[in-house]
Amino acid sequence: MSAVTEIPVASPEEIRARYAERLRFETDCWDVHDALQSAEPGFVLLDVRGPALYANGHIEGAINLPRGKMTARKMVEWPESTLFVVYCAGPHCNGTDKAALRLGELGCRVKVMIGGVTGWLDEGFALKSLTA
(Lines give C-alpha, C1' and ligand atoms only; values in the text may rest on other atoms or scores of the structure.)
Protein backbone atom coordinates (compact mmCIF):
# COMPACT_ATOMS: atom_id res chain seq x y z
CA MET A 1 0.00 0.00 0.00
CA SER A 2 1.24 3.50 -0.81
CA ALA A 3 0.33 6.96 0.39
CA VAL A 4 -1.74 7.24 -2.80
CA THR A 5 -3.81 4.10 -2.17
CA GLU A 6 -3.91 4.25 1.64
CA ILE A 7 -7.16 6.26 1.63
CA PRO A 8 -9.91 4.75 -0.53
CA VAL A 9 -10.79 6.57 -3.74
CA ALA A 10 -14.13 8.38 -3.99
CA SER A 11 -16.94 6.87 -5.99
CA PRO A 12 -17.47 8.07 -9.56
CA GLU A 13 -20.63 9.88 -8.37
CA GLU A 14 -18.69 11.70 -5.63
CA ILE A 15 -15.93 12.61 -8.08
CA ARG A 16 -18.44 13.99 -10.58
CA ALA A 17 -20.22 16.02 -7.91
CA ARG A 18 -17.02 17.47 -6.45
CA TYR A 19 -15.51 18.63 -9.75
CA ALA A 20 -18.80 19.84 -11.21
CA GLU A 21 -19.20 21.98 -8.09
CA ARG A 22 -15.63 23.26 -8.30
CA LEU A 23 -16.06 24.35 -11.92
CA ARG A 24 -19.09 26.43 -10.94
CA PHE A 25 -16.64 28.67 -9.01
CA GLU A 26 -13.58 28.81 -11.26
CA THR A 27 -12.28 28.85 -14.79
CA ASP A 28 -8.77 28.78 -16.21
CA CYS A 29 -6.55 30.97 -18.33
CA TRP A 30 -6.96 28.89 -21.47
CA ASP A 31 -10.75 29.02 -21.38
CA VAL A 32 -10.72 32.78 -20.69
CA HIS A 33 -8.28 33.37 -23.55
CA ASP A 34 -10.40 31.26 -25.89
CA ALA A 35 -13.61 33.09 -24.91
CA LEU A 36 -11.98 36.50 -25.36
CA GLN A 37 -11.39 35.67 -29.03
CA SER A 38 -15.11 35.99 -29.68
CA ALA A 39 -17.17 39.18 -29.87
CA GLU A 40 -19.32 37.98 -26.95
CA PRO A 41 -17.20 36.11 -24.39
CA GLY A 42 -20.11 35.89 -21.94
CA PHE A 43 -18.41 37.64 -19.03
CA VAL A 44 -16.70 40.81 -17.88
CA LEU A 45 -13.04 40.27 -17.01
CA LEU A 46 -11.86 42.15 -13.92
CA ASP A 47 -8.22 42.65 -12.98
CA VAL A 48 -8.44 43.12 -9.21
CA ARG A 49 -4.84 44.22 -8.70
CA GLY A 50 -3.88 47.82 -8.04
CA PRO A 51 -3.75 50.41 -10.84
CA ALA A 52 0.07 50.40 -11.08
CA LEU A 53 0.27 46.64 -11.63
CA TYR A 54 -2.60 46.83 -14.11
CA ALA A 55 -0.78 49.58 -16.03
CA ASN A 56 2.42 47.52 -16.15
CA GLY A 57 0.65 44.57 -17.76
CA HIS A 58 -2.88 43.18 -17.85
CA ILE A 59 -5.01 40.89 -19.97
CA GLU A 60 -6.33 42.81 -22.95
CA GLY A 61 -10.00 43.54 -22.45
CA ALA A 62 -9.79 43.42 -18.65
CA ILE A 63 -11.17 46.24 -16.55
CA ASN A 64 -9.13 47.31 -13.54
CA LEU A 65 -11.39 47.11 -10.49
CA PRO A 66 -9.61 46.45 -7.18
CA ARG A 67 -11.77 44.99 -4.42
CA GLY A 68 -11.90 48.26 -2.50
CA LYS A 69 -13.59 49.89 -5.51
CA MET A 70 -16.28 47.19 -5.74
CA THR A 71 -19.29 48.97 -4.35
CA ALA A 72 -23.01 48.56 -4.87
CA ARG A 73 -23.02 51.88 -6.70
CA LYS A 74 -20.22 50.75 -9.04
CA MET A 75 -21.60 47.28 -9.77
CA VAL A 76 -25.00 48.55 -10.94
CA GLU A 77 -23.19 49.78 -14.06
CA TRP A 78 -23.62 46.20 -15.34
CA PRO A 79 -26.82 44.18 -15.76
CA GLU A 80 -27.69 42.00 -12.79
CA SER A 81 -27.15 38.86 -14.90
CA THR A 82 -23.51 39.77 -15.68
CA LEU A 83 -20.92 37.10 -14.97
CA PHE A 84 -17.65 38.55 -13.71
CA VAL A 85 -14.35 36.67 -14.02
CA VAL A 86 -11.72 37.96 -11.63
CA TYR A 87 -7.96 37.53 -11.63
CA CYS A 88 -5.03 38.74 -9.59
CA ALA A 89 -1.27 38.16 -9.63
CA GLY A 90 -1.26 34.38 -9.40
CA PRO A 91 -1.62 31.34 -7.18
CA HIS A 92 0.40 33.03 -4.43
CA CYS A 93 -2.23 35.81 -4.16
CA ASN A 94 -5.68 35.55 -2.58
CA GLY A 95 -6.92 38.77 -4.17
CA THR A 96 -9.24 36.82 -6.45
CA ASP A 97 -10.83 35.05 -3.50
CA LYS A 98 -11.36 38.35 -1.69
CA ALA A 99 -12.80 39.94 -4.84
CA ALA A 100 -15.09 36.97 -5.49
CA LEU A 101 -16.32 37.14 -1.90
CA ARG A 102 -16.96 40.88 -2.23
CA LEU A 103 -18.83 40.46 -5.51
CA GLY A 104 -20.91 37.67 -4.00
CA GLU A 105 -21.76 39.90 -1.06
CA LEU A 106 -22.95 42.49 -3.57
CA GLY A 107 -25.21 39.92 -5.25
CA CYS A 108 -23.04 39.44 -8.34
CA ARG A 109 -22.24 36.26 -10.26
CA VAL A 110 -18.51 35.53 -10.31
CA LYS A 111 -15.86 32.99 -11.21
CA VAL A 112 -12.17 33.07 -10.34
CA MET A 113 -9.61 32.66 -13.12
CA ILE A 114 -7.17 30.26 -11.49
CA GLY A 115 -3.51 30.99 -12.09
CA GLY A 116 -3.97 34.75 -12.49
CA VAL A 117 -1.29 36.67 -14.37
CA THR A 118 1.28 33.97 -13.58
CA GLY A 119 -0.91 31.30 -15.16
CA TRP A 120 -1.68 33.55 -18.12
CA LEU A 121 2.02 34.02 -18.84
CA ASP A 122 2.73 30.30 -18.23
CA GLU A 123 0.24 29.51 -21.01
CA GLY A 124 2.25 31.75 -23.35
CA PHE A 125 -0.36 34.51 -23.56
CA ALA A 126 0.66 38.17 -23.74
CA LEU A 127 -0.18 41.04 -21.46
CA LYS A 128 -1.04 44.55 -22.60
CA SER A 129 0.85 47.42 -20.98
CA LEU A 130 -0.33 50.99 -20.55
CA THR A 131 3.22 52.17 -19.81
CA ALA A 132 5.00 50.92 -22.94
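J.: Would you mind showing me how to read the overall build of the chain here?
T.: Across its full length, the chain holds six helices and five strands. When the backbone C-alpha atoms are referred to their principal axes, the chain occupies close to 55 × 35 × 30 Å. Of all 132 residues assigned to the chain, the portion counted as buried reaches 35%. Across the chain, the mean location of the 14 positive side-chain charges is 9 Å away from that of the 17 negative side-chain charges.

J.: Would you mind going over a negative patch on the surface with me for this structure?
T.: On the surface, a cluster of negative charge is contributed by Asp28, Asp31, Asp34, Asp122 and Glu123. In this structure, Asp31 sits in helix H2 (residues 29-36).

The rules behind each value
- Residues numbered from 1 in each chain as written.
- Predicted model: local features only at pLDDT ≥ 70, side-chain atom pairs only at ≥ 80, totals over all residues.
- Heavy atoms only, no water.
- Helix = DSSP H or I, 4+ residues; strand = E, 2+ residues; numbered from the N terminus.
- Buried < 20%, exposed > 50% of the residue type's maximum accessible area, 1.4 Å probe, protein only.
- Lys, Arg positive; Asp, Glu negative; His and termini not counted.
- Charge placed at Lys NZ, Arg CZ, Asp CG, Glu CD.
- Patch = residues over 30% accessible without salt bridge, like charges linked within 9 Å, V, L, I, M, F, W, Y side chains within 5 Å.
- Areas by Shrake-Rupley, 256 points an atom, 1.4 Å probe, with all protein chains shown as cover.
- Salt bridge = Lys/Arg side-chain N within 4 Å of Asp/Glu carboxyl O.

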